[in-house]
Amino acid sequence: MRTDRIHSLKNLSKLGEADMEGIRQRMIDIENLDDDANWTESGLNELSFYDIDLYKDIPGGAIQFIGGAMATLHRVNGPHLI
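Overview of the structure. On a predicted model such as this, the values are computed, not experimentally measured, just so you know.

What counts, and at which threshold
Residues numbered from 1 in each chain as written. Predicted model: local features only at pLDDT ≥ 70, side-chain atom pairs only at ≥ 80, totals over all residues. Heavy atoms only, no water. Helix = DSSP H or I, 4+ residues; strand = E, 2+ residues; numbered from the N terminus. Rg over C-alpha atoms; globule rule 2.2 N^0.38 Å. Buried < 20%, exposed > 50% of the residue type's maximum accessible area, 1.4 Å probe, protein only. Contact = heavy atoms within 4.5 Å. Areas by Shrake-Rupley, 256 points an atom, 1.4 Å probe, with all protein chains shown as cover. Lys, Arg positive; Asp, Glu negative; His and termini not counted. Charge placed at Lys NZ, Arg CZ, Asp CG, Glu CD. Expected span 1.5 Å × (residues − 1). Bend = angle between axes of the 7 residues up to and from the residue. Core = buried A, V, L, I, M, F, W, Y, C linked by side-chain atoms within 4.5 Å. Axes fitted to C-alpha atoms, helices over the stretch in contact; angles between N-to-C directions. Parallel < 35°, antiparallel > 145°, perpendicular 65-115°, else oblique. Left-handed = near helix turned anticlockwise from the far one by under 90°. Nonpolar A, V, L, I, M, F, W, Y, C, P; charged D, E, K, R; others polar.

Along its length, the protein chain carries 3 helices and 0 strands. Taken from N to C terminus, the helices and strands of the protein chain fall in the order α-α-α. A compact globule built from 82 residues should have a C-alpha radius of gyration of about 12 Å, and the protein chain, at 12 Å, falls within 12% of that. In terms of principal-axis extent, the alpha carbons of the protein chain reach across some 40 × 30 × 20 Å. By the burial criterion, 38% of the 82 residues in the protein chain qualify as buried. Long-range contacts, defined here as pairs at least 24 residues apart, represent 68% of the contacts in the protein chain between residues at least 6 apart. Carbon and sulfur atoms provide 51% of the accessible area of the protein chain, an area that totals close to 5100 Å². Side chains of the protein chain give 8 positive and 14 negative charges; the mean places of these two sets differ by 7 Å.

The following block contains the structure:
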């Protein structure tokens, strides 16, 4: 039985490829991961909870905020990039 599912494809489609790459790179920088680390299924599931429109006015920008939050979740909840 599949335990992970994508929460919101709408949120992932709002992010787009460039934003997802920016978040991935931010996580790599924070967590000191290999440059070729890619999303896991659980990472995409966690990422799908973030609506980028809600974070546009955050100091530093949405990509920096979501990347930092995802790096913390990577550390706490298991690998979101491998």
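For the rest of this paragraph, the subject is helix 1 (residues 9-31). When the terminal C-alpha atoms of helix 1 are compared, their 26 Å separation across 23 residues is substantially less than the 33 Å that a helix rising 1.5 Å per residue should span. Of all the bends in helix 1, the largest measures some 90 degrees and sits at glycine 16. Of all the residues in helix 1, the buried ones are Asn11, Leu12, Leu15, Met20, Ile23, Arg24, Met27, Ile28 and Glu31. Looking at the buried positions of helix 1, the neighbouring elements they touch are helix 2 (41-47) and helix 3 (62-77). Once helix 1 finishes, asparagine 32 follows within two positions and takes phi at roughly 55 degrees, a positive value.

Turning our eyes to something else, we now look at the environment of isoleucine 66. Within the secondary structure layout, isoleucine 66 lies in helix 3. Exposure remark for isoleucine 66: the relative accessible area of 0% places this residue in the buried category. For isoleucine 66 and aspartate 51, which are 15 residues apart along the polypeptide, the C-alpha to C-alpha distance reads 9.6 Å. When near neighbours in sequence (up to four residues on either side) are disregarded, isoleucine 66 contacts Ile23, Leu47, Tyr50, Ile52 and Tyr55.

Attention now goes to the nonpolar core. Leu15, Ile23, Met27, Trp39, Leu47, Ile66 and Met70 are the most contacted members of the largest nonpolar core, which totals 18 residues. Among the elements of the structure, helix 1 and helix 3 are those that each provide at least two residues to this core. By residue number, the principal contributor to this core is helix 1, which donates 6 residues. The contacts of methionine 70, once residues within four sequence positions are left out, are Ile23, Met27, Trp39, Gly43, Glu46, Leu47, Tyr50 and His80.

Remark: helix 1 packs on helix 3, axes separated minimally by 8 Å, with the N-to-C direction vectors making an angle of 50 degrees. The orientation of helix 1 with respect to helix 3, classified from their angle, is oblique. As helix 1 packs across helix 3, the resulting crossing turns out to be right-handed. Between helix 1, through Asp19, Gly22, Ile23, Arg26, Met27, Ile30 and Glu31, and helix 3, the contact on the second element is made entirely by Ile63, Gln64, Ile66, Gly67, Gly68, Met70, Ala71, His74 and Arg75. Among the residues making up the contact of helix 1 with helix 3, the classes are represented as 7 nonpolar, 5 polar and 4 charged.

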